[in-house]
Amino acid sequence: MQLSAKLKYAVCAMLELGLQYHKQFVSVTVLSEKRSIPGPYLEKLLLQLKHAGLTTSRRGPDGGYSLALPPDQIRIGDIFAAVAGPVNFTEGFESQESSEIGDFFAEIEEEVCKVLNTKTLHELCCHARKINQLSAPTHSHPFSI
């Protein structure tokens, strides 16, 4: 099982908006280039996220998208639900013969939802900043020999 491209793109776009949170709006073009997401596809995802109340938009030369809430108030589960719908591991296990399987997967589903709804976009942004700091050069001045 793996995450869909749609979900990965949505998380990447929200991460970029989270990293740019205190700045003004970020254009779809900039988001698309920074995160290597096809522009028209990204526009559709951002609209889904806007309908879910996670992003806001503004038209014009200084327009684009921004987070509708602070990153610490956006749960990763909110992003997942906005673009992929609710987590559902029990569908198809409703019949009497497979109810014990459904019960088992209901427990797993509950745990997965608990993790997704505990982790925030803020935590993801902090993790990304830490990773970028670790991969940045340790010196601040370029040198040549």
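These figures come from a predicted structure and were not determined experimentally.

Chemist: I would appreciate a short explanation of the packing of aromatic side chains in the present structure.
Modeler: Each aromatic ring pair is specified by the distance between its two centres and by the angle formed by the two planes. Counted under the stated rule, the structure contains 2 aromatic pairs. Relative to Tyr41, the ring of Tyr9 has its centre 5.7 Å away and its plane inclined at 75°; by these criteria the two rings are edge-to-face. Taken as a pair, Tyr9 in helix H1 (residues 5-19) and Tyr41 in helix H3 (residues 39-51) lie far apart in primary sequence, 32 residues in all. Overall, Tyr41 belongs to the partly exposed group, its relative accessible area being 32%.

Chemist: Help me understand unusual backbone geometry in this model?
Modeler: Note: most residues except glycine have negative phi, and most peptide bonds are trans. In this model, Ser36 sits at a positive phi of 55°, which is unusual for a non-glycine residue. Its location among the elements puts Ser36 in the loop between helix H2 (28-35) and H3. Relative accessible area serves as the criterion here: at 57%, Ser36 is assigned to the exposed category.

Chemist: Before we go on, may I ask you to explain H1 in this structure?
Modeler: Structurally, the α-helix is built with 3.6 residues per turn, so residues lying three or four positions apart point the same way. Spanning 15 residues, H1 covers 21 Å between terminal C-alpha atoms, matching the ideal 21 Å at 1.5 Å per step. All of the buried residues in H1 are Leu7, Ala10, Val11, Ala13, Met14, Leu15, Glu16, Leu17 and Gly18.

About the criteria used
- Residues numbered from 1 in each chain as written.
- Predicted model: local features only at pLDDT ≥ 70, side-chain atom pairs only at ≥ 80, totals over all residues.
- Heavy atoms only, no water.
- Phe/Tyr/Trp six-rings, centres within 6.5 Å; stacked < 30°, edge-to-face > 60°.
- Helix = DSSP H or I, 4+ residues; strand = E, 2+ residues; numbered from the N terminus.
- Buried < 20%, exposed > 50% of the residue type's maximum accessible area, 1.4 Å probe, protein only.
- Expected span 1.5 Å × (residues − 1).

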